[in-house]
Amino acid sequence: MFGKRTDETRPAPGLPVTGQPPAAPAALSAPGAAIPDLPMPGSSFGGQQARAAGAAPPPQGSGAVSQQAPKKPEAGMGPRKSENYYDIKGTIFNALIDAIDLTQLGQLDRDAARDEIRDIVNEIITLKDVVMSIAEQEDLLEDICNDVLGYGPLEPLLARDDIADIMVNGANTTFIEVGGKMQKTGVRFRDNAQLLNICQRIVSQIGRRVDEASPICDARLMDGSRVNVIVPPLAIDGPTLTIRKFKKDRLKLPDLVKFGSITPEGATILEIIGRVRCNVLISGGTGSGKTTLLNCLTGYIDHDERVITCEDAAELQLQQPHVVRLETRPPNLEGEGEINMRDLVKNCLRMRPERIIVGEVRGPEAFDLLQAMNTGHDGSMGTLHANSPREGISRLESMITMGGFSLPSKTIKEMICGSIDVIVQASRLRDGSRRITHITEVVGMEGDVIITQDLFVYEIVGEDANGKIIGRHRSTGIARPHFWDRARYYNEERRLADALEKAESRNEMD
Ligand SMILES: Nc1ncnc2c1ncn2[C@@H]1O[C@H](COP(=O)(O)OP(=O)(O)O)[C@@H](O)[C@H]1O
Ligand SMILES: [Mg+2]
């Protein structure tokens, strides 16, 4: 339906076919070679990137081109070329896509990839007897290169640093999240086929394909952004692409204080919790700021500690010198070769870690993480999906139960209780603001129940005229948290006492 076309548009015999790219240079024969050579494409449809970077040779007959080729519109939304142009381009594009192996193309640097595309496009034009001026041909080549090597209309969005998520729901609808708010953009794709081609290009970089046979795929852009693609027939209204943009500069605790996500005293306490090796669980919903918070906490780990991180897609940016980063691997097309989080965490334990940081605890690895926390790797941390600290605890319990460990419920609870020191809750409120709503300690068991105690909570007081939530962080007045001895051991008890005291007096001021 999308992408692959009818035979009529296939290149004539003699053209190179998928898997056997023409005149394969040495780089092509190195499977799994690092892709990052291919620079992050700039603004695709404008084609400015290639020119600005001087990456592309000047178009032949450039005089004619500069007169003829109008400034190409931003994001493919400006004045459109004739339908005829798009028809021809579509035909040539489809023939090209059938002829080349995108994965291997992705391993070339941009210039080499361009030359490769230029050769094939010229060949297709000759074979199909397409009548075009040289200028038009250059234009077309530019367009096609941007489609094949870049991310088309997505480029301007990818270039913006203020966007947290990009959500493409079929060719005509694209939303972004900026500052916690969802916005519809004017970005449109020519059609679902173009969108699918871009999806294809994204996932081809990790050696995958999306099509009817395997319609779901997770991938990652070169800049670290995480991508999910789901296509028809599962996505009813066209290929659907969700991009969680990689933040080059993750927010730090002082930023969170500035945004009012937490008070300065709360931040100091988090800092101490990070430093004195409390075992921490960060709980929150999707996009509530869990990873950001985890990253903040890791900022206070001492520089002489050996830290191992396990993530589904490396997002954390630890600044310490002694960090080993591990990443899970999804199964390949044949369904083999998967390395899941549990495999990583288990392996971690054989790597002499001092702390283990798990990006997201979702399944049976919960058991191994708790074990690690319990056996001398204190200061380990992980995030988990839950709406309150208590819910976090029960999620942890059910992950272990469902992981097939036949342990009595009470044993699991004792294990949780003996491992987790602090749960920090992140929330995205309905006005889009993100707050740290709880800093909660796990203090012990009473019978079969795990007892927790809040140190800090965020209380919603009301809503202003603009729908902004009014609330305040409140200290619960606990002067001696459970991790007091730890703080003392690390010589942080003065700072801790001060922060708690200040928090207390802030309550009275409010
Ligand atoms: N306290 C905060 N204030 C404002 N923006 C935040 C805050 N915490 C996180 N963000 C932003 O929200 C987005 C999602 O954060 P992330 O930590 O990845 O969420 P999660 O891991 O819970 O899915 C990111 O763009 C991040 O920069
Ligand atoms: Mg996350």
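Quick caveat, the model's predicted, so the values are computed rather than measured.

**Focus on the site of ligand 1**
Stage number 1. For ligand 1, the set of nearby residues contains 15 residues, the closest of which are Ala-164, Gly-289, Lys-290, Thr-291 and Thr-292.
Stage number 2. Here the shell around ligand 1 gets three residues from one element, more than from any other, and that element is helix 11 (residues 290-298).
Stage number 3. Residues that form the shell around ligand 1 fall into these classes: four nonpolar, eight polar and three charged.

**Side note on the confidence of the model for the chain**
Stage number 1. Chain-level statistics for the chain give a pLDDT mean of 81 and a share of 83% at 70 or above.
Stage number 2. A low-confidence stretch, residues 1-80 stays under pLDDT 50, and its non-local contacts, those more than four residues away or across chains, total 124 contacts.

**Quick notes on the packing of helix 14 (residues 389-402) against helix 15 (residues 409-419)**
Stage number 1. Where helix 14 meets helix 15, the axes come as close as 10 Å, and the angle between the chain directions of the two elements is 125 degrees. In terms of orientation, helix 14 lies oblique with respect to helix 15. For the element pair helix 14 and helix 15, the recorded crossing hand is right-handed. Side by side, helix 14 and helix 15 meet where Ile-393, Leu-396, Glu-397, Ile-400 and Thr-401 of the first sit next to Ile-412, Lys-413 and Ile-416 of the second.
Stage number 2. Considering only residue class, the contact of helix 14 with helix 15 consists of five nonpolar, one polar and two charged.

**Some points on the sheet that holds strand 14 (residues 449-463)**
Stage number 1. Read across the sheet, nine strands follow the order 9-8-10-11-7-12-13-14-15 without closing on themselves; strand pairing throughout is mixed. At either end of the open sheet lies a strand with only one pairing partner, and these are strand 9 (323-327) and strand 15 (469-475). The sheet shows a mean angle of 25 degrees between the axes of neighbouring strands, taken without regard to direction.
Stage number 2. One ladder, built from two bridges, connects strand 10 (residues 355-358) with strand 11 (residues 381-385); its direction is parallel. Across the sheet, Val-358 pairs through a bridge with Gly-382, a residue of strand 11.

Calculation criteria
Residues numbered from 1 in each chain as written. Chains lettered and ligands numbered in written order. Predicted model: local features only at pLDDT ≥ 70, side-chain atom pairs only at ≥ 80, totals over all residues. Near = placed C-beta within 6 Å. Helix = DSSP H or I, 4+ residues; strand = E, 2+ residues; numbered from the N terminus. Nonpolar A, V, L, I, M, F, W, Y, C, P; charged D, E, K, R; others polar. pLDDT = per-residue confidence, 0-100. Contact = placed C-beta atoms within 7 Å. Axes fitted to C-alpha atoms, helices over the stretch in contact; angles between N-to-C directions. Parallel < 35°, antiparallel > 145°, perpendicular 65-115°, else oblique. Left-handed = near helix turned anticlockwise from the far one by under 90°. Pairing = 2+ DSSP bridges.

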